[in-house]
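# Structure assessment
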Amino acid sequence: AEYMGIVLDCCRWRACMTSHILPPPSLSELRDRFRDQLAFMKQQLERDFQEPGNDIYNDEIWMMRFLFNPKYTAEQCVERFRKMIRTRREDGLEPIHAELVAKLDTVAPDQFPHFDSVNRAFPEALYRTSDTFGQPVAIQLVGKADPKYLVQSLTKEQFYQYTLYKAEYMRLTLDKMSAQSGYLLQWVQVVDLTGLGMKHINTTCLDMVQTASNRADQMYKECFGKIYVVNAPKVFHAIWALMKPWMAERTVQKMTLLDKNFKQTLATLVPNKEQWPAFLGGDQEHGSIGCENF
């Protein structure tokens, strides 16, 4: 087992050196790095959450996601964690949490409330495959989005309900995979902008997405990893200028705009070509991403 662990680490670092894609940090490394901060957070949070059966202050993986951003001190992370708990309670997340925990191994995104409407408006394969390091990879066809349909079919509250189910599912899945692998895993995204145009600028839709994203961002720290943007048209820069101000700074830092040779980069990112669509460099000629066929 120890030998296989060494081999796995070597493979991770070899992939890193050849593709400039950084591997996720090991949990043991992070526990050493954040030993004092974790102890401080546990001490502070234990005072706040002493209800029977509530051991949230012992969830080290969750805490390390808050500590992972070097911008914040341990004291600030404690306050951010407290704010997260308050927001979860205000938004009634505990029933959603309990529902997803009970069926995490069998639940699928198409079972989330309002999935059909959201997926028609924003085609996405939430867990298409895994990357070189075992992290889940999502594909989003933003250029095929239909913002007008989203606004017509859902209220802001309904879209936020779907967002909560999706975000809680992602966090639970990531933390389970992280505990099993020994690495702090994140969700990788590949965003295809083929077809993106000015028709996608819908201020009402942007407000819906921004409101849900900002609220969810208070609770789900460092769940998203790298975001690879491909097939960006010329109009992208104009649309990006409108979107960037309401995006979290940390999210913007994780975005990488790939050039026309993006398939070579994605080939290094995704080792399983059979589960990867051909238009992104894989071997799968036919299939679907959300409601879109290829």
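Use the structure listed above.
What this report covers is the structure whose coordinates are included nearby.

Parameters and conventions
Residues numbered from 1 in each chain as written. Predicted model: local features only at pLDDT ≥ 70, side-chain atom pairs only at ≥ 80, totals over all residues. Heavy atoms only, no water. Salt bridge = Lys/Arg side-chain N within 4 Å of Asp/Glu carboxyl O. Helix = DSSP H or I, 4+ residues; strand = E, 2+ residues; numbered from the N terminus. Buried < 20%, exposed > 50% of the residue type's maximum accessible area, 1.4 Å probe, protein only. Expected span 1.5 Å × (residues − 1). Arc of directions from axis to C-beta. Contact = heavy atoms within 4.5 Å. Polar contact = N/O pair within 3.5 Å; in protein donor to acceptor, adjacent residues only side chain to side chain. Phe/Tyr/Trp six-rings, centres within 6.5 Å; stacked < 30°, edge-to-face > 60°. Lys NZ or Arg CZ within 6 Å of the ring centre and 35° of its normal. Pairing = 2+ DSSP bridges. Axes fitted to C-alpha atoms, helices over the stretch in contact; angles between N-to-C directions.

According to the stated counting rule, one finds 20 salt bridges in the structure shown. Ionic pairing is found between Glu29 and Arg33, a salt bridge with its closest N-O pair at 2.9 Å. Taken together, the residues Glu29 and Arg33, both in helix H2 (residues 27–33) and four residues apart, mark about one turn of the helix. The class of Glu29 is partly exposed, set by a relative accessible area of 39%. Judged by its relative accessible area of 42%, Arg33 falls in the partly exposed class.

Moving on, we come to helix H10 (residues 203–217). Its 15 residues give H10 an end-to-end C-alpha distance of 20 Å, which sits within 8% of 21 Å, the value for a rise of 1.5 Å per residue. Every buried residue belonging to H10 is among Cys205, Met208, Val209, Ala212 and Ala216, and all of these are buried. Take H10 and look down its axis: the buried residues cluster within an arc of 90°, on one side only. In this structure, the buried side of H10 is in contact with helix H8 (147–153) and helix H9 (156–181). Where H10 begins, the side chain of Asn202 points an oxygen toward the backbone nitrogen of Thr204, at a separation of 3.1 Å.

Under the defined criterion, the tally for this structure stands at seven aromatic pairs. Seen from their ring centres, Phe112 and Tyr169 are 5.6 Å apart, and the 65° between their planes marks the pair as edge-to-face. Remark: Tyr169 occurs in helix H9 and Phe112 occurs in the loop between helix H6 (93–102) and helix H7 (115–121); sequence separation between them is 57 residues. Each member of the pair, Phe112 as well as Tyr169, carries the same accessibility label: buried. Geometry around Trp62 places Arg171 over its ring, the cationic atom sitting 3.7 Å from the centre.

Quick look at the sheet that holds strand E4 (residues 224–230) now. As summarised here, the arrangement of the five strands in space is E1-E2-E3-E4-E5, forming an open sheet in which the pairing is mixed. One side of each edge strand has no neighbouring strand; the edge strands of this open sheet are strand E1 (124–130) and strand E5 (255–257). Strand-to-strand twist of the sheet, defined as the mean angle between neighbouring strand axes without regard to direction, takes the value 25°. Most of the contacts of H9 go to E1, to which it runs at about 5°, and overall it touches E1, strand E2 (136–141), strand E3 (187–192) and E4. Most of the contacts of helix H13 (residues 262–269) go to E4, to which it runs at about 150°, and overall it touches E3 and E4.

Relative to the elements of secondary structure, Asn119 occurs in helix H7. At 3.3 Å, the side chain of Asn119 and the backbone oxygen of Glu124 are in polar contact. If we skip the residues at most four places from it in the chain, Asn119 touches Glu124, Gly290 and Cys291.

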